[in-house]
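Residue-level listing of the chains:
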Amino acid sequence: MTVEMSQAAEQGHRPKGHSMSSRGKKSVPQVSKGDHPATGDSKAGAVEIERFVPEPAYFARWQVSSSDWMLLLFVSVVALVVRCYRLGVPANVVFDEVHFGKFAGRYLNQTYFFDLHPPLAKMMFALAGKLAGYDGIFDFKSIGLDYHAAGVPYVGMRLMPAVLGALTVPLTYATSRACGYKPDTSLMASLLVCVENGLVTQSRLMLLDSPLVFFTVATVFCWTMFWTLQDRAFSAKWWLWLAMTGAMMGCAMSCKWVALFLIPLIGLSTVHDLWDKIADRTLSFSGWALHFGARALALIALPLAVYIGWFWVHFSVLHKHGPDAIALTPEFQAALDGGPQVTTSRDVFYGSEIRMRTTNARSGYLHSHLHPWKHKEGSGQQQVTIYSFADANNLWTIEPAYNTTIDQSQGPVPVRSGDVLRLRHKATGRFLHSHNKRPALSTDKHKFEISGYGFANFSGDSNDDFRLEILDAPEATSLQAISSRFRLIHTNLNCAVYNSRKKLPKWAFGQIEVNCMHNCMPRMSTWHIEHARHPNITSESVPTVSYKPLGLLGKIWEYNRLMAESNENLKGDHPFAARPQAWPWLRRGTAYWGGYGRVIYQLGNPLVWWGALGSLAVFGLLWFVLAILDKRRVFLQLGGQRRQYFSSAGFFTLAWLCHYLPFFLMPRELFLHHYFPALWMAIMVLAFSLDLFTCRLSPPLRMAIYVAVAACVLHAFHTFSYITFARVWTKDACLKAKWLSTWDIDCEHAIGGLKATVQSASANSTAAGSLLASSS
Amino acid sequence: MEPHNLKQRGRQGNGEHEMLMVLSDEHKDKPKPGADYSAYAIPVHQANRTYNAYPVLATDTENAKCDPTDFSAVSLDSGVEGIMRSRDFVITAALTLASLATRLYRIGRRANVSWDEAHFGKFGAMYINGTFYHDVHPPLAKMLVALAEVIAGHNGTFNFKSGAAYPEYVNYTLMRTQVALYGVALVPLAYLTCLQLNLSRSMAVLAACFVLFDNAICVMSRFILLDEPLLFFTALTLWSAASFQRVSKYGQQFSRKWWVWLLMTGFSLGCVMSSKWIGLFSVVMIGIATIDDLFRKYCNLIPWEDFACHWNARVVSLIFVPLIVYVACFWVHFRLLYKSGTGDHKLSANFQAKQLGNRLNSQPFDVAYGSAAEIRSMYDGPGLLHSHIHRYPGGSHLQQITCFPHRDVNNRWLLWHGGDKGTETNYTIAPIEFIVDGDIVQIVHNITGAAMQTSRRFLAPMTSSHFEVAAANSTDWDKGTRDWRVEVVKQKYKRRRDKRIHAMTTVFRLRHVETGCLLRVGRQRLPTWGWGQSEVTCLPDSSGKKNIKSSDVLWYVEHNKNSRVPKDDLSRYVSSNFFVNMVQINIEMAKTNNALSPDVNKYSVLESRPESWLFLKYPMRMVGWSDTGIKYYEIGNPILWWATALVCIFYPLRLIFWALQMQRKCSRWRSLREFLDFWDNSKFLWGGWALHYIPFFFFGRVLYIHHYLPALYFGLLLLAFELDHFFKSWRRGRYLHMAALCSGFLAFVVFLYFSPFTYGWDRPAKELAGRQWLSTWNIFHDLYAM
């Protein structure tokens, strides 16, 4: 608090003339030279104090010159060449192409599928496939399948991420220029991105990361452009770049949820901006509110609209019911073409046969079958479970409580809330029953087994009695199919029929455990009736009900909730999964594919990664030291570059933090490729830091340093190009490329390796075999 | 710790504060005479133009809507001395009396063990009879309970069974009274704290009345619980911190008074964190305030040597002193509990061997052939060598050998001679032979009679570079593969210079004679077929020297059973380190704490989540709810709780609003200094509330409504602070005393209205149905209970 206060106070005393409009240029500090502090630390510090009070980050306007256009064109062409080189190799399904190729096919077939990523990038693959002539029949079943044999236009499909990957390079150049750096530094930044092996690897394959990185970079670029237009608020260009930021952010979020980290980045940046603006007394309060409103519109409403829009496209295309749709709520399924259309009579009577379904979990129906409980402390009576699929064993008949009768002479009697009743399993005739025995899996004292009990000529006992409680409804409300949410309370044990969501062992066919729980909260003990039919009522005129199909927003909401759930539950044990702490120093890569004499192993350009990490550390250290020294009135200026460096590198360091730290909180399985958006941010800091440390050197020396850096990076790129482009190499070369012992590149695939030898032998024999076959 | 030059400087002008005053005062253009700043500060005439860190915040006061108020009519004397006047002693005494009356009224009414007296009364008695127990809370508060029991003449035999009637010889009233005294002290402490925080007298009295008239704090002060000491030490911390801040702001640095308050803060921090771990929030609060204070000093350009002294003083008082208190509590804890008890197994075997009556304490020291031994791995965690009738699903398909951390009959192994001699000898009559270094033995599972063996033919199920270790009956395997050589690595007890294997003190390796591999416990757990126990493998000879030295191949005999060898007192041979034990017991406390996780699908009458505390949604029944029993209901004073919640939520919002105003230079604060005075006085109150409340949202464990009480104490004081702040400026403080009187009266009336719950209600709860203000209160019926 107090720190902010004093900063605010310091800013308050900035002379008026030194305001927003002049800040882009290097204005002469307005402190009069006569004011030397008697005991100041250094004379230079005293003179240039004013320049180093914390000021809002701010970039000068980028005047795009013709040489900029030439360089943009140049880097685009180079990047395109690098990204498209040997695009057709390997002609096999690589890594996650298994998923994303398949999903592209599903779009072309318009059949529903579920994936834990939002739809945009997958739809782009579908579009690329469509344009390239993919028919959606090949289903990308497993890694290594041959594309040529299946006639899949895979090069066309891979071209899409390659082009997007190439476009990040000119965008990098432009971003760096917009931050106020000279063309040489900007060129260096784009070179570092261009020859980053990891980025190259992932943009050559059908993976979601290339579109994600592209849209992330585009968002940051648009935001930087917007910042250069601070002095021309509400001009057409200003609006354009602001809106573009929002739109690109929406697209990035529609590719992968990782892009959600753009929200804290852009959000913090905006808050900082508005915080500075409110100090500007020349801006009226309503003017400030206008600024606020414009940002809310473009950075909150617009991305949301874009996100929803892409989902709208997604659901419009995928309108057919498919096997994946079973996991959805019935309301969602009802909204798909060809989905199960449940229609049932609305009223439920004593004597009705019903099928009841768990309400708050998509677990399934109350089920029983002719098999006994087999667990140790169980009763050995008939099993009662929850089963996900519709089945005759899910049918139950409602009967009056033990030792009571219902007068049905006036016609069927409706079931009401508060009634005590019994449920008879239709197929086996047993009653739903509970007693003081332990359930199969839950061991708590307050949980009891539920079984099917009864035999011929036995009228049952009072342990078959359950009280029906309709939730949020007064006593004696009549029970209705679909709409009534209810609980079943065992009258003797005072426990509720409860879905424990635990999977039973093989002897219960892996179905889900249901038990009776005392003092149970309603959430997992709530049920509803999906099907009700009374044998005596045959009239066509009975009122019927069905599930209300979900609207667009309902579908989006449920789909996103499912995505969140599956993301949380993604706890596989992939051998190449990596936790975030291993990413920044490139502890190891990810093996994508291996073939004869070559592999694809996603590894970054180590020099770029380590340099980026180092420059982040340098920035952090500088920031901390200078902030501490400022407080003691010792002002260092970093050769006049302080504001420029801090506002640009500071922004990208913040961006890196926003894209990196949150991963530590995620328990789900993570991979190296999750680091790429953060890596791009770090690469920018690397380029800016290079500029900072060379800006006071003579131009030839600076050029020499740049060339040397470029040469080293290119050399590393070349060294690892074998694993990036799946080029054939030897085992010796492979072993030599292992700079770190933790890099587990599979050298057995290389020429001279074990697997390569086996493969070549088998290839020869099959070739010989096919030769024989054709000749006969 | 008081160097001469510092004393000097302190006397001549308490560095920071005066500079602050000078900088903020525009009219003064010369440094105060006597204060020598030139060595380290900017001359004042320049300060305003260039460096001014404390400018006037409202640039145009004439335009500011709210005109600055003159506080002089009600402001207190803010000098160092004389904050306590004679009437303050009278007020404090009166408040203490009132507090005694509310807390002690009918305190012995319910003659049964009530609420958590069942735990804490029992733990207190443990200190009297010396039995070691394990609990989630640190020992200080429980030792204070024990002190109360000692004074009340308890002999430690009554074990406080929940709900049981107190027998004749237990003077529970005196015990409750003593523990209640900590709760009594809360009220005068609230008053004294508020004085230090610059509240007006009447509002300070009001703050004390809020604490006095809160039903929840009152009812929790009436039983033998840990909450009273906890609240007391929390309040003490706040008081000391506030006093220290005042001295350090207006008084001399490093003066005696300054040191007293600083050390007092550290001491009470130590006490609060030794009472319950919730006290760690107080530590965080003081920590943040200290960093803030030091950072401000740093920015105010105080000389480096002064700055270093400030750092040193705080490190000593706020880090070392609390740590010493915490450690000392555990030291006393271990000293008092010298007998074996239910908590023994949580600590190391060495500790157990020291505890009187533990089975490890009394056993034969020398291990002889024919002994039944329990063998523990030196590698921390997996535990004792174990086998059971279940077999490996793959490999040799023989009986599994694992490591299991808990006591079990299946952990027992017979040590026989190697080769044929082992199976042929009758160990009940053969002459006693002791096992020495280098002997070859067979290790036979006591229950199943199968011997431990291994072979190159089968690899371990999880660690496939090692051999599988299994147990087999003589019919299943060749005899030669059952021999193991004992290689002594270390004799921890040095005085007996023999090569024998001793219980507890001899560390050895077991080398398989045929293959040369070493018995090793794996870091991996077996899957369900192995019951999640730790894998035991045999480490091949070929693996490097480094592996041979690691603790996972080292074993020792933890328990040695042989009826023919006389038992020894093992505490003579083993040594257990206090610090190791302390660290271990703290780890175990954390584990037990985390294990107290609630079932989200189960409704529990007692538990509540933090979001429900703020507005007192689920008060708690403390005892059985029969119609005739005396019933206590833990319900706060609703008016106070709701007002506190509103004030605490409102406070940060207003700060943000002020920050925006300051940023726009239209603040109602005349200077930053004036604002900082407000901030310094209220930061402890709101910060204390937030730090004692918000972290609970991240806790997975079972929570109860009284976990909110420390936060509530801060909140109640903040409520009074905000009233004071408002009424001081509103109409120039004309209604200040009136407001205090009215609020106090309202609190008192509501307290009386809910007092049947606080002092016990012995008629049907239905009769109090009118007091059910919210539908979630379970005064007479429960919404969810079945």
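Residues numbered from 1 in each chain as written. Chains lettered and ligands numbered in written order. Predicted model: local features only at pLDDT ≥ 70, side-chain atom pairs only at ≥ 80, totals over all residues. Heavy atoms only, no water.

Got a minute to help me understand the overall build of chain A in this structure?
Broken down by element type, chain A carries 21 helices and 16 strands. Classification of the 776 residues of chain A by burial places 52% in the buried group. A fraction of 74% describes how many contacts in chain A between residues 6 or more apart in sequence connect residues 24 or more apart. A total accessible area of about 32700 Å² is found for chain A, and carbon and sulfur atoms account for 63% of it. Computed over 72 positive and 53 negative side-chain charges, the separation of the two mean positions in chain A equals 6 Å. (Helix = DSSP H or I, 4+ residues; strand = E, 2+ residues; numbered from the N terminus. Buried < 20%, exposed > 50% of the residue type's maximum accessible area, 1.4 Å probe, protein only. Contact = heavy atoms within 4.5 Å. Areas by Shrake-Rupley, 256 points an atom, 1.4 Å probe, with all protein chains shown as cover. Lys, Arg positive; Asp, Glu negative; His and termini not counted. Charge placed at Lys NZ, Arg CZ, Asp CG, Glu CD.)

Would you take a moment to explain the nonpolar core for this structure?
Across soluble globular proteins, nonpolar side chains have a tendency to be buried as a group. In this structure, Val211, Met622, Phe675, Trp689, Tyr708, Tyr713 and Leu717 of chain B are the most contacted members of the largest nonpolar core, which totals 158 residues. Excluding its chain neighbours within four sequence positions, the residues that come into contact with Val211 of chain B are Arg103, Leu186, Val187, Ala190, Ile217, Tyr713, Leu716 and Leu717 of chain B. Phe100, Cys194, Ala612 and Cys734 of chain A belong to the second largest nonpolar core, which has 154 residues in total. (Core = buried A, V, L, I, M, F, W, Y, C linked by side-chain atoms within 4.5 Å.)

Sorry if this is basic, but what is going on with the packing of aromatic side chains here?
Any aromatic ring pair is given by two values, namely how distant the centres are and how the planes are angled relative to each other. Scanning the model with the defined rule gives 126 aromatic pairs over all chains in all. Between Tyr307 of chain A and Phe311 of chain A, the aromatic rings sit 5.1 Å apart at their centres with planes inclined by 65°, giving edge-to-face as the arrangement. Taken together, the positions of Tyr307 of chain A and Phe311 of chain A, both in helix H13 (residues 285–317) and four residues apart, correspond to about one turn of that helix. Considered together, Tyr307 of chain A and Phe311 of chain A belong to a single accessibility category, that of buried residues. Where Phe123 of chain B meets Tyr133 of chain B, the ring centres are 4.4 Å apart and the plane angle is 15°; that geometry is what we call stacked. Of this pair, Phe123 of chain B sits in helix H5 (residues 117–129) while Tyr133 of chain B sits in the loop between H5 and helix H6 (140–151); the two residues are 10 residues apart in sequence, bridging distant segments of the chain. According to the relative accessible area criterion, Phe123 of chain B is buried, its value standing at 6%. Judged by its relative accessible area of 2%, Tyr133 of chain B is buried. Sitting over the ring of Trp669 of chain B, Arg668 of chain B keeps its end group 5.3 Å from the ring centre. In this arrangement the basic side chain of Arg731 of chain B is found over the ring face of Trp730 of chain B, its NZ or CZ atom lying 5.8 Å from the centre. (Phe/Tyr/Trp six-rings, centres within 6.5 Å; stacked < 30°, edge-to-face > 60°. Lys NZ or Arg CZ within 6 Å of the ring centre and 35° of its normal.)

What's the story with the UniProt feature "transmembrane region" (unreviewed entry) in chain A in this structure? I'm lost.
All names here are of chain A. With numbering matched to this structure, UniProt assigns "transmembrane region" (unreviewed entry) to residues 205–226, 238–271, 292–313, 607–629, 649–666, 672–693 and 705–725. Across residues 292–313 one finds 100% helix and 0% strand; the C-alpha atoms that close the span lie 31 Å apart. Secondary structure across residues 672–693 divides into 82% helix and 0% strand, with the first and last C-alpha atoms of the span separated by 30 Å. (UniProt positions renumbered as here; feature names shortened; annotations may be inferred.)

I keep staring at a nonpolar patch on the surface and nothing clicks. Help me out?
A surface patch of nonpolar side chains, amounting to about 450 Å² of accessible area, comprises Val316, Ile319, Phe320, Leu323 and Ile324 of chain B. You can see Leu323 of chain B is positioned in helix H13 (residues 304–336). (Patch = residues over 30% accessible without salt bridge, like charges linked within 9 Å, V, L, I, M, F, W, Y side chains within 5 Å. Salt bridge = Lys/Arg side-chain N within 4 Å of Asp/Glu carboxyl O.)

Would you take a moment to explain the UniProt feature "transmembrane region" (unreviewed entry) in chain B for this structure?
Residue and element names in this part refer to chain B. In the UniProt entry, the feature "transmembrane region" (unreviewed entry) is given for residues 179–197, 204–224, 259–291, 311–332, 639–660, 705–723 and 735–754. Measuring from the first to the last C-alpha atom of residues 639–660 gives 32 Å, for a span that is 100% helix and 0% strand. Across residues 735–754, the secondary structure splits into 95% helix and 0% strand, with the terminal C-alpha atoms separated by 29 Å.

Please clarify how helix H19 (residues 699–725) of chain A should be interpreted in this entry.
Given 3.6 residues to a turn, an α-helix orients residues that are three or four positions apart in the same direction. Residues and elements named next belong to chain A. End to end, H19 covers 36 Å across 27 residues, agreeing with the expected 39 Å (1.5 Å per residue, within 8%). Thr719 marks the point of greatest bend in H19, at about 45°. All of the buried residues in H19 are Arg702, Tyr706, Ala710, Val713, Ala716, Phe717, Thr719, Phe720, Ser721, Ile723, Thr724 and Phe725. Looking one or two places after H19, you find Ala726, whose phi comes out positive at around 55°. (Expected span 1.5 Å × (residues − 1). Bend = angle between axes of the 7 residues up to and from the residue.)

Could you clarify how one ought to interpret the state of the cysteines in this entry?
Put plainly, two cysteines are in a disulfide when a covalent bond ties their sulfur atoms together. Residues and elements named next belong to chain A. By the definition in use, this model includes three disulfides over all chains. In this model, Cys495 is linked to Cys516 through a disulfide, with the two sulfur atoms separated by 2.0 Å. Note on the Cys495 and Cys516 pair: the S-S dihedral is about 100°, so by sign convention the disulfide is right-handed. Within this pair, whereas Cys495 is found in strand S11 (residues 495–503), its partner Cys516 is found in strand S12 (residues 512–518), the two being separated by 21 residues in sequence. (Disulfide = S-S within 2.5 Å.)

Just checking my understanding: could you explain the environment of Arg281 of chain A for this structure?
Structurally, Arg281 of chain A is set in the loop between helix H12 (262–278) and H13. Polar side-chain contacts of Arg281 of chain A include one of 2.8 Å to the backbone oxygen of Lys665 of chain B. (Polar contact = N/O pair within 3.5 Å; in protein donor to acceptor, adjacent residues only side chain to side chain.)

Would you mind going over the UniProt feature "domain: MIR" (unreviewed entry) in chain A with me for this structure?
All names here are of chain A. Under the feature "domain: MIR" (unreviewed entry), the UniProt entry names residues 345–401 and 412–471. Secondary structure across residues 345–401 comprises 0% helix and 46% strand; the distance between its end C-alpha atoms is 23 Å. Strand forms 38% of residues 412–471 and helix 0%; the C-alpha atoms that close the span are 24 Å apart.

How should I be thinking about the pattern of salt bridges in this particular structure?
Pairs may arise between side chains of opposite charge once their charged atoms sit close together. Scanning the model with the defined rule gives 49 salt bridges over all chains in all. Two residues, Asp630 of chain A and Arg642 of chain A, come together in a salt bridge whose shortest N-O distance is 2.7 Å. Here Asp630 of chain A, found in helix H16 (residues 606–631), pairs with Arg642 of chain A, found in helix H17 (residues 642–660); they are 12 residues apart in sequence, far enough to count as distant. Neither Asp630 of chain A nor Arg642 of chain A differs from the other in exposure class; each is buried. The shortest N-O distance in the salt bridge between Glu722 of chain B and Arg654 of chain B comes to 2.5 Å. Within this pair, whereas Glu722 of chain B is found in helix H21 (residues 709–729), its partner Arg654 of chain B is found in helix H19 (residues 638–663), the two being separated by 68 residues in sequence.

Would you mind showing me how to read helix H5 (residues 120–132) of chain A here?
Residues and elements named next belong to chain A. In a regular helix each residue adds 1.5 Å, so 13 residues correspond to 18 Å; H5 covers 18 Å between its end C-alpha atoms and thus fits that length. Of the residues making up H5, those classed as buried are Leu120, Ala121, Lys122, Met123, Met124, Phe125, Ala126, Ala128 and Gly129. For H5, the secondary structure elements touched by its buried residues are helix H4 (97–109), helix H7 (154–178), helix H10 (209–228), helix H11 (236–255) and H13. Two residues or fewer past H5, Gly133 is found with a positive phi of approximately 100°.

Got a minute to help me understand unusual backbone geometry in this structure?
Phi is mostly negative for residues that are not glycine, and the peptide bonds are mostly trans. A cis geometry characterises the amide bond from Val89 of chain A onward to Pro90 of chain A, with omega recorded as -5°. Along the chain, Pro90 of chain A turns up in the loop between helix H3 (66–84) and H4. Backbone geometry at Ile482 of chain A places phi at a positive 65°, although glycine is not the residue there. Tracing the backbone shows Ile482 of chain A in the loop between strand S9 (466–470) and strand S10 (486–490). Look at Lys665 of chain B: it is not a glycine, yet its phi comes out positive at around 60°. Structurally, Lys665 of chain B can be placed in the loop between H19 and helix H20 (672–693).

I keep staring at the environment of Leu195 of chain B and nothing clicks. Help me out?
Checked against the element boundaries, Leu195 of chain B lands in helix H7 (residues 172–196). Using a relative accessible area of 1% as the deciding quantity, one classes Leu195 of chain B as buried.

Would you take a moment to explain the environment of Ala470 of chain B for this structure?
Residues and elements named next belong to chain B. Locating Ala470 in the fold gives a position in strand S8 (residues 467–472). According to the relative accessible area criterion, Ala470 is buried, its value standing at 3%. Along the sequence, Ala470 and Phe458 sit 12 residues apart, while their C-alpha atoms lie 9.9 Å from each other. Setting aside residues no more than four positions away along its own chain, Ala470 makes contact with Tyr392, Ser396, Leu398, Gln399, Ile401, Ala451, Met452 and Gln453.

Could you clarify how one ought to interpret the packing of H7 of chain A against H10 of chain A in this entry?
Each pair of packed helices can be summarised by the angle the axes make with each other and by the distance between the axes. Residue and element names in this part refer to chain A. Look at H7 against H10: their axes get within 9 Å of each other, and the N-to-C directions meet at 25°. Relative to H10, H7 is oriented roughly parallel. Considering how the two elements wind past one another, H7 and H10 form a crossing that is left-handed. When H7 is examined against H10, the residues Met160, Pro161, Leu164, Gly165, Leu167, Thr168, Leu171, Ala174, Thr175 and Ala178 are found in contact with a partner set consisting of Ser210, Pro211, Val213, Phe214, Val217, Ala218, Val220, Phe221, Thr224, Met225 and Thr228. Across the contact of H7 with H10, the residue classes break down as 15 nonpolar, six polar and no charged. (Axes fitted to C-alpha atoms, helices over the stretch in contact; angles between N-to-C directions. Parallel < 35°, antiparallel > 145°, perpendicular 65-115°, else oblique. Left-handed = near helix turned anticlockwise from the far one by under 90°. Nonpolar A, V, L, I, M, F, W, Y, C, P; charged D, E, K, R; others polar.)

Help me understand the confidence of the model for chain A, please; the structure alone is not making it clear to me.
In low-pLDDT regions, the fine details of the predicted coordinates are not to be read closely. Residue and element names in this part refer to chain A. Overall, the prediction assigns chain A a mean pLDDT of 86, with 90% of residues at 70 or greater. For residues 1–57, every residue scores under 50 in pLDDT, and the model assigns this stretch 84 contacts once sequence neighbours within four places are set aside. The model gives residues 765–776 a pLDDT under 50, and that stretch makes zero contacts with residues more than four places away or in other chains. (pLDDT = per-residue confidence, 0-100.)

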